[in-house]
Amino acid sequence: MDEMRDVDEKNRLERFLGVMGRSSSFTVVIILGLVLNAAVVCNGGITSSFVRKVEKTNDMPLDSDVFRVPLGYNAPQQVHMTQGDHEGRGVIISWVTVAEPGSDTVLYWSENSKRKNRAEGIMVTYKFYNYTSGYIHHCTLKNLVFNTKYYYEVGIGHSPRKFWFITPPKVGPDVPYTFGLIGDLGQSYDSNKTLTHYELNPAKGKTVLFVGDLSYADNYTNHDNVRWDTWGRFVERSVAYQPWIWTAGNHEIDFAPEIGEFTPFKPYSHRYHVPYRASNSTSPFWYSIKRASAYIIVLSSYSAYGKYTPQYRWLQNELPKVNRSETPWLIVLMHAPWYNSYNYHYMEGETMRVMYEPWFVQYKVDVVFAGHVHAYERSYRMSNIAYNVVNGICTPVNDLSAPVYITVGDGGNLEGLATNMTEPQPKYSAYREASFGHASFEIKNRSHAYYSWHRNEDGYAVEADSLWFFNRFWHPVDDSRSA
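Q: Is there a simple way to explain the packing of aromatic side chains in this structure?
A: Two aromatic rings, taken as a pair, are described by how far apart their centres are and by the angle between their planes. Applying the stated criterion across every chain, the model contains 39 aromatic pairs. Judged by centre distance (5.7 Å) and plane angle (15 degrees), the rings of Tyr150 and Phe165 are stacked. Remark: Phe165 occurs in strand S12 (residues 161–166) and Tyr150 occurs in strand S11 (residues 149–154); sequence separation between them is 15 residues. Here Tyr150 and Phe165 have matching classes, each one buried. Here Tyr356 and Trp359 contribute two aromatic rings whose centre-to-centre distance is 5.5 Å and whose plane-to-plane angle is 15 degrees, an arrangement assigned as stacked. Linking Tyr356 with Trp359, this pair stays in helix H7 (residues 350–362), spanning 3 residues, or about one helical turn. Among the residues examined, Tyr356 registers a relative accessible area of 0% and is labelled buried. Given the relative accessible area of 13%, Trp359 is considered buried. Three or more aromatic residues joined by ring pairs form one cluster here, namely Phe210, Trp228, Trp231, Trp244, Trp246, Phe265, Tyr268, Tyr272 and Phe285. We note Arg89 situated over the ring of Phe146; from NZ or CZ to the ring centre the distance is 6.0 Å. The residue whose ring lies beneath Lys116 is Trp109, and the NZ or CZ to ring-centre distance is 4.4 Å.

Printed below as a string of structure tokens:
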């Protein structure tokens, strides 16, 4: 398809130049002008020439309509869901009640059934400095039917609220499925644009792969946990209806010894449960799931990952388990990017890269999604695994067994955009742009997937960057230079 499109573009350009009937030097000027109008070609790939209007990114005020508390006594709020098992037949439903604990029960039923099922959950609370949480409920629905629409109710006995979701297709090698990609979202006006843009994207993502940094409550005095509540109400309009697969970022750590808070990840780990035990993980910060034709591994940039640590030992055992005949697409999520050509958070992921990159190449990971840097960047397929203290070989090289690394930390949070890039653009960097946005990853079959990135300033169907992915196991040809 890309080759046909390239031929068409070439033919159109040749016809245009033929009509002009000018000299070859004029032809060169025309071609250069067309290229430079779209982007600046650097030492590496493309640095976009699109310039977003520079303006302060502000959080929405507490009385914004997107933070509105639902009507009714003790009505459940901050409703959200994620996958609840390893295969996709379970979901974890979570919500918060404020006035009193209320019921832990979830009623649920399939679209074509009149019989309501019941599932019982658990309730937790926590305190953070001078803040006391509401009553946080978590309930796992199990043994659901694949590819089926379900309705569910929470808040039984007081002011129940009804939502729905659709389970994924049964795991299989040629099952099409579309993921959305969002990172570093926050709760600013730009965050609202990003979420709206995702919701209206014609690609119709069915599950969000969220690469960390949720509420940014820690940017407020004493890590004001009220901003965890407002964020939960803000994203409910999406995450109550489709799973978001959670990755922990640095803004989830909430380590604040200056105010007596010594437990990392306290608010996040109480509010957002994940099915980590289903993949034999010992921690909710690293785990894996299967969904449709994808095997998704979530790693923690802010937990110990050196040799002999629990995360290291888990990943060492996890990667050989991936059956590419069942789940061809191997996707890794993390927060801190390994390949980053912005001057923000530069090389913060380097030590983790040194530990794990040889495994990513060995097991032919297709793509790695990260956040942290508040901008967008996509790499070529490169690796940097030859170095040791003797040979001095420390330059990334083309490697068709390596993943494409994509940074989507461009959700729109109050800290604003990362605009300062390293120059010249490194050879591993294929495309970079300082804009807010989101992405989608559309798996077509075992060999092909279509990736696109959408900046907030464009129309919903506009693709600012795109790439046809060829699966590393089933069709390992060079795809990263065909955007």
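Q: Quick question: what am I supposed to make of helix H4 (residues 226–239) here?
A: End to end, H4 covers 19 Å across 14 residues, agreeing with the expected 20 Å (1.5 Å per residue, within 8%). The buried fraction of H4 amounts to 12 of the 14 residues, a majority that puts the element mostly inside the structure.

Q: Help me understand the pairing of strand S14 (residues 207–210) in this model?
A: Along any regular strand the residues' side chains alternate between the sheet's two faces. Side chains Thr207 and Leu209 project from S14 onto one buried face, and the interleaved Val208 and Phe210 project onto a second face that is buried too. When strand S13 (residues 177–182) meets S14, the two strands line up parallel, connected through 4 bridges. If you follow Ile182 over to S14, its bridge partner there is Phe210. Here S14 pairs with strand S15 (residues 244–245) via 2 bridges, running parallel. Looking across to S15, one finds that Leu209 is bridged to Ile245. Since S14 and S15 lie parallel, the crossover through H4 that links them has a hand, and here it is right-handed.

Q: Honestly, the sheet that holds S11 in this entry has me stumped. Any pointers?
A: Strand-to-strand pairing in sheets goes through backbone hydrogen bonds, with the strands running parallel or antiparallel. Within the open sheet, the 4 strands sit side by side as S6-S5-S11-S12. Their pairing is antiparallel. Each of the sheet's edge strands pairs with one partner strand only, and the pair in question is strand S6 (117–120) and S12. Averaged over all adjacent pairs, the angle separating strand axes in this sheet is 30 degrees, with direction ignored. Pairing of S11 with S12 involves 6 bridges; the strand directions are antiparallel. Across the sheet, residue Glu153 finds its bridge partner in S12, namely Lys162.

Q: Explain the sheet that holds strand S26 (residues 448–455) here, please?
A: Taken in spatial order, the 6 strands of this open sheet run S15-S14-S13-S25-S26-S27, and their pairing is mixed. Of all strands in the sheet, those with a lone pairing partner are S15 and strand S27 (465–470), marking the two edges. In the sheet, S26 pairs with S27 via 6 bridges, with the strands oriented antiparallel. Its bridge partner lying in S27, His448 is registered against Phe470. Packed on one face of the sheet, helix H3 (residues 189–199) meets S13, S14, S15, strand S25 (437–443) and S26 and runs near 25 degrees to S25.

Reading the values: rules and limits
Throughout this document, residue positions are counted from 1 along each chain, in the order its sequence is written. Local features in this predicted model are restricted to residues whose pLDDT is 70 or higher, and side-chain atom pairs enter the listing and the counts only when it is 80 or higher, whereas totals over whole chains, interfaces and linings include all residues. With hydrogens and water stripped out, all remaining heavy atoms of the structure feed into the side-chain values. Any Phe, Tyr or Trp ring, taking Trp's six-membered ring, that has another such ring centre within 6.5 Å forms a pair; planes under 30 degrees apart are called stacked, those over 60 apart edge-to-face, and the others tilted. Helix and strand labels come from DSSP, where a helix needs a run of H or I of at least four residues and a strand needs a run of E of at least two; each type is numbered from the N terminus. Only protein chains enter the accessibility calculation, which uses a 1.4 Å probe; a residue whose area is less than 20% of its type maximum is buried, one above 50% is exposed, and one in between is partly exposed. Whether a charge sits over a ring depends on NZ of Lys or CZ of Arg being within 6 Å of the ring centre and within 35 degrees of the ring normal. In a helix, the anticipated span is given by 1.5 Å times the number of residues less one. We treat two strands as partners when DSSP finds at least two bridges between them. Orienting the strands away from the viewer, one traces the path from the first strand over the helix to the second; a clockwise path indicates a right-handed crossover. Structural elements are reduced to axes, namely lines fitted to C-alpha atoms, with helices fitted over the stretch in contact, and the angle between N-to-C directions of any two is expressed from 0 to 180 degrees. Whether two residues are in contact is decided by their heavy atoms, any of which lying within 4.5 Å being enough.

The values reported here are purely geometric and, on their own, carry no functional implication.
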